[in-house]
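Chain by chain, the residues run as shown.
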Amino acid sequence: MAKIIVVTSGKGGVGKTTSAAAIATGLALRGNKTIVIDFDVGLRNLDLVMGCERRVVYDLVNVIQGEAGLNQAMIRDKRVDNLFILPASQTRDKDALTSEGIERVLEELNKDFDYILCDSPAGIEQGAQLAMYYADAAVVVTNPEVSSVRDSDRILGLLASKTRRAERGEDPVKEHLLITRYNPARVDDGDMLNLEDIREILAIDLIGLIPESEAVLRASNQGIPVAHDQGSDAGQAYVDTVSRLLGEDVPLRFHEYQKKGLLSRMFGGGRR
């Protein structure tokens, strides 16, 4: 039986799709049959981040409306055999998604997969609510800035009240906090919220801390999830995140400012 995880955020541009791709890749690299679904109808980006945009023939809306079978729309990842992508439509309206249609798709995927990741649109509109409705767990992505954290708090309210688990009175959706674009030097200078402030405001378990890194942009532009770049701080941080998601106790890294030594400054050594 698959575990359904929604990757969500209240604010756009926080690295949600990058995180969904990296976490799905990390889970698959650990031997789990994984699919990641793009719920952002009309504004799809997951296929670009996963490097499969030219292979999209059918999409989630085609499947829901009976225009294609699920096997026709799923795309197998080129790098990891047990990782699949179900892209969103780029031309349809968000109203094309229905709760009944999503439920049918998830029930069919549930038979074959270990993990189903739902890459939610940002915000609280219908697509976002459908992406989280059937979730067993949620990864709430935020940046260390006030507006992003405040909007994440609204998402936590929806997860507590607008999901199938909430309606049925079942165990609540397990909430995890993922902080992206964290820069300890800027935190020390007072330009970003610090880790303790964010955790105090949102009061949910921290599953990952992704440092601000050029590797993330480079990976997205290349269509290669950053989890493959394990030589970078960001890649290592996503690997740590996946380990924690799987229940492992992994120490938190990249949250303290590391001053470069003399040799690093002379020869350009440092984090990527």
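- The chain has the name Septum site-determining protein MinD in an unreviewed UniProt entry, where Aidingimonas halophila is given as its organism.
- For the chain, the Function (unreviewed entry) comment in UniProt is given as "ATPase required for the correct placement of the division site. Cell division inhibitors MinC and MinD act in concert to form an inhibitor capable of blocking formation of the polar Z ring septums. Rapidly oscillates between the poles of the cell to destabilize FtsZ filaments that have formed before they mature into polar Z rings."
- Word for word, the UniProt comment on the chain under Sequence similarities (unreviewed entry) is "Belongs to the ParA family. MinD subfamily."

Looking at the overall build of the chain
Then, number 1: Along its length, the chain carries 13 helices and eight strands.
Then, number 2: Its C-alpha atoms give the chain a radius of gyration of 18 Å, near enough to 19 Å, the size a compact globule of 272 residues would have.
Then, number 3: Projected onto its principal axes, the C-alpha coordinates of the chain cover approximately 65 × 40 × 35 Å.
Then, number 4: A buried classification covers 54% of the 272 residues belonging to the chain.
Then, number 5: Within the chain, contacts between residues at least 6 apart in sequence are counted, and of these 75% link residues at least 24 apart.
Then, number 6: Looking at the chain as shown, the accessible area adds up to about 12,600 Å², and 44% of this sits on carbon and sulfur atoms.

Notes on the UniProt feature "binding site: ATP" (unreviewed entry) in the chain
Then, number 1: In the UniProt entry, the feature "binding site: ATP" (unreviewed entry) is given for K11, G12, G13, V14, G15, K16, T17 and T18.
Then, number 2: With respect to the helices and strands, the residue G12 is situated in the loop between β1 (3–8) and α1 (16–29).
Then, number 3: On the basis of relative accessibility, which here comes to 42%, the residue G12 falls in the partly exposed class.
Then, number 4: The residue K16 is located in helix α1 in this model.
Then, number 5: Relative accessible area serves as the criterion here: at 9%, K16 is assigned to the buried category.

Considerations on the environment of T241
Then, number 1: Here T241 is to be found in helix α12 (residues 233–245).
Then, number 2: Apart from residues no more than four positions distant in its own chain, T241 is found in contact with I23, L178, I207, G208 and I210.

Topic: the pattern of salt bridges
Then, number 1: Taken as a whole and assessed by the stated rule, the structure comprises twelve salt bridges.
Then, number 2: The shortest N-O distance in the salt bridge between E248 and R30 comes to 2.2 Å. Here E248 is found in the loop between α12 and α13 (262–267), whereas its partner R30 is found in the loop between α1 and β2 (34–38), with 218 residues between them in sequence.
Then, number 3: For R30, a relative accessible area of 41% translates into the label partly exposed.

Conventions and cut-offs
One numbering rule holds for all chains: residues counted from 1, following each sequence as written. Per-residue local features of the predicted model are confined to residues with pLDDT of at least 70, and side-chain atom pairs are confined, for both listing and counting, to 80 or more; whole-chain, interface and lining totals are unaffected and use all residues. Hydrogens and waters are ignored; side-chain quantities use all the structure's heavy atoms. UniProt positions are given in the numbering used here, feature names are shortened, and annotations may be inferred rather than shown by experiment. Under the scheme used here, helices are H or I runs from DSSP no shorter than 4 residues and strands are E runs no shorter than 2 residues, and both carry numbers assigned from the N terminus. When we talk radius of gyration, it's over C-alpha atoms, and the globule rule is simply 2.2 Å times the number of residues to the 0.38. The cut-offs for exposure are 20% and 50% of the maximum accessible area for each residue type, with area from a 1.4 Å probe on protein chains only; residues under the lower value are buried, those over the upper are exposed, and the others partly exposed. The contact criterion used is simple: two residues touch if any of their non-hydrogen atoms lie within 4.5 Å. Under the convention used here, a 1.4 Å probe and the Shrake-Rupley method define accessible areas, while residue burial counts only the protein chains that appear. When a carboxyl oxygen of Asp or Glu is within 4 Å of a side-chain nitrogen of Lys or Arg, the pair counts as a salt bridge.

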